[in-house]
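Breakdown of the fold
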2 protein chains.
Amino acid sequence: MTGQVRTVDGRVAGRRGQATRQKLLDCLGEMLSTSPYRDVKVIDVARKAGTSPATFYQYFPDVEGAVLEIAEEMAKEGAALTGLVSERAWTGKAGWQTAEELVDGFLTFWRKHDAILRVVDLGAAEGDKRFYKIRMKILNAVTNSLTDSVKELQSKGKVDKDISPAAVAGSLVAMLAAVASHQKGFQTWGVKQAELKPSLATIVHLGITGRKPTK
Amino acid sequence: MTGQVRTVDGRVAGRRGQATRQKLLDCLGEMLSTSPYRDVKVIDVARKAGTSPATFYQYFPDVEGAVLEIAEEMAKEGAALTGLVSERAWTGKAGWQTAEELVDGFLTFWRKHDAILRVVDLGAAEGDKRFYKIRMKILNAVTNSLTDSVKELQSKGKVDKDISPAAVAGSLVAMLAAVASHQKGFQTWGVKQAELKPSLATIVHLGITGRKPTK
DNA sequence: ACTTGTCCTGTCATGCCGTCAGCTTACCGA
DNA sequence: TCGGTAAGCTGACGGCATGACAGGACAAGT
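Residues numbered from 1 in each chain as written. Chains lettered and ligands numbered in written order. Predicted model: local features only at pLDDT ≥ 70, side-chain atom pairs only at ≥ 80, totals over all residues. Heavy atoms only, no water.

For chain A, the name recorded in an unreviewed UniProt entry is TetR/AcrR family transcriptional regulator, with Streptomyces palmae as its organism.

The next subject is the interface of chain A and chain B. Facing 51 residues of chain A, the contacting portion of chain B comprises 51 residues. Both sides together, the interface formed by chain A and chain B hides about 4400 Å², and carbon and sulfur atoms give 64% of it. At the surface where chain A touches chain B, the tally comes to zero salt bridges. On inspection of chain A and its partner chain B, the count reaches 11 residue pairs in polar contact (both at pLDDT 80 or more). Put simply, the parts of the chain that give the side of chain A that touches chain B at least two residues each are helix H6 (114-125), helix H7 (129-155), helix H8 (165-181), helix H9 (183-188) and helix H10 (193-209) of chain A. Examining the composition of the side of chain A that touches chain B, we find that 11 residues originate from one element, H8(A), more than from any other. (Contact = heavy atoms within 4.5 Å. Buried area = accessible area lost by both parts, 1.4 Å probe. Salt bridge = Lys/Arg side-chain N within 4 Å of Asp/Glu carboxyl O. Polar contact = N/O pair within 3.5 Å; in protein donor to acceptor, adjacent residues only side chain to side chain. Helix = DSSP H or I, 4+ residues; strand = E, 2+ residues; numbered from the N terminus.)

Below, the discussion takes up the packing of aromatic side chains. All names here are of chain A. Within the structure shown, the criterion is met by eight aromatic pairs over all chains. Ring centres 5.2 Å apart and planes at 15 degrees place the aromatic pair Phe-106 and Trp-110 in the stacked group. Here the residue Phe-106 and the residue Trp-110 both occupy positions in helix H5 (residues 92-112), the gap between them amounting to four residues, near one helical turn. Of the residues examined, Phe-106 reaches a relative accessible area of 0% and is grouped as buried. With relative accessibility at 3%, the residue Trp-110 sits in the buried group. (Phe/Tyr/Trp six-rings, centres within 6.5 Å; stacked < 30°, edge-to-face > 60°. Buried < 20%, exposed > 50% of the residue type's maximum accessible area, 1.4 Å probe, protein only.)

With that out of the way, let us pick up the protein's contact with DNA strand D. Around DNA strand D sit 18 residues, and of these A:Arg11, A:Gly14, A:Thr20, A:Thr51 and A:Tyr59 come closest. When the atoms of DNA strand D within 4 Å of the protein are sorted by group, sugar and phosphate make up 70%. The backbone of A:Gly17 places a nitrogen or oxygen atom 3.0 Å from a phosphate oxygen of DNA strand D. A distance of 2.9 Å is found between a phosphate oxygen of DNA strand D and a side-chain nitrogen or oxygen belonging to A:Thr20. At the level of elements, helix H1 (15-32) and helix H3 (53-59) of chain A together with helix H2 (42-48) and helix H3 (53-59) of chain B are the ones that each hand at least two residues to the surface near DNA strand D. Among the elements that take part in the surface near DNA strand D, H3(A) stands out by supplying four residues, more than any other. Residue composition of the surface near DNA strand D, by class: eight nonpolar, seven polar and three charged. (Near = heavy atom within 4 Å. Nonpolar A, V, L, I, M, F, W, Y, C, P; charged D, E, K, R; others polar.)

The following block contains the structure:
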């Protein structure tokens with residue numbers, strides 16, 4: 001689209017500028033994973049990046065703006081999640097494998113981007129359209145593919161016709177996202193990682209196909 | 001447990017004190033539902049309550065402390081959610097009704113406490129034990145009851161024995177919580193409320209019993 | 001009226017926010 | 001080599017939230 005990285009006051013950023021900008025983003029990302037979002041201050045990010053607060057404001061309108069930038073970057077990477085669903089079979093053993101790989105891919109991605117996804121989730125839940133859009137971008141690919149799968153199974157009469165494919169797909173994806181962001185919580189709960197994945201895969205398989213998986 | 005409401009510096013609060021304290025909590029709760037958590041300032045809450053910031057700090061160590069207070073209150077009310085699961089049947093039409101009522105009760109509760117639950121969720125995801133504990137308190141009742149249901153069905157051979165009851169129950173509850181906190185999101189997605197509930201109920205029923213519901 | 005204990009606020013030091021003017025650095029054409 | 005120009009960075013400042021304190025206002029009992 002633009003291809004041009006610009007500062008807040010409209011200048012185009014050169015090599016050096018882009019480097020500092022990126023360094024600020026990196027430091028912000030790191031801070032988000034070590035301290036509560038509410039407590040992340042511009043001055044801390046700037047200090048950590050070895051620069052001054054004023055420099056931060058040259059590249060981002062505020063902390064939220066910078067977070068959006070990181071999230072956007074992550075969303076691009078998240079597009080790869082589509083591959084976990086599209087063109088996959090949902091019958092027999094292959095169906096079980098699809099479910100397993102979907103769960104595994106999802107949890108891995110979520111854990112990797114843990115900190116930033118928390119903030120995106122909060123922003124989306126608070127009604128901020130920009131965050132909501134990014135959250136969509138990541139979840140949409142998976143949700144749409146799943147929706148298609150359900151529709152197809154529905155047309156074959158394997159799934160009840162009175163359920164909404166989009167609602168089921170959306171709910172399952174929401175489940176995966178929620179469980180992923182509380183993975184540590186489940187551990188405290190006495191649920192081990194190893195138990196979690198097959199359980200999730202089973203639920204996903206059940207939800208999509210209406211049948212128990214054959215393993 | 002305590003029964004005594006105390007100020008930060010240890011005094012016991014009288015009638016008037018408790019009134020202002022409550023007013024501050026109410027105003028904070030209201031602010032949380034209209035502006036982002038990150039932007040909620042003590043001075044705004046105080047102004048809204050017709051008092052001074054200093055008064056706020058007499059009753060709460062900081063904004064987070066006050067939020068915890070509200071959340072604690074909500075958790076008590078949330079204990080009633082247990083009734084949605086315990087002593088309910090999971091077979092035949094009664095099973096479908098159980099699933100429906102569970103979903104409905106959950107969504108209603110979540111929508112009612114929308115704003116505060118967002119913050120609790122964030123705090124828990126960020127690893128704050130106090131928030132995590134409250135989140136547990138609300139979800140635990142439901143999760144434990146569901147876990148028992150799955151165990152029972154498992155012992156009757158109606159559910160595969162190699163899945164973890166706790167993991168399934170936890171995942172389903174997480175799904176309900178996640179969908180509930182993004183209810184508005186689903187609407188934008190083109191999924192209507194009316195479609196959402198039966199879909200969720202179906203997934204819950206499938207997850208718990210392993211069978212399609214008979215409606 | 002006086003005392004006691006609760007309740008609230010004025011005020012202040014501290015620290016972060018967000019902006020500006022102005023300085024330094026890098027690039028480029030002559 | 002040498003300015004010229006735009007990019008890049010920072011010190012400094014007014015403004016505001018924070019959090020602490022001492023002291024004034026108020027209600028209730030004596």
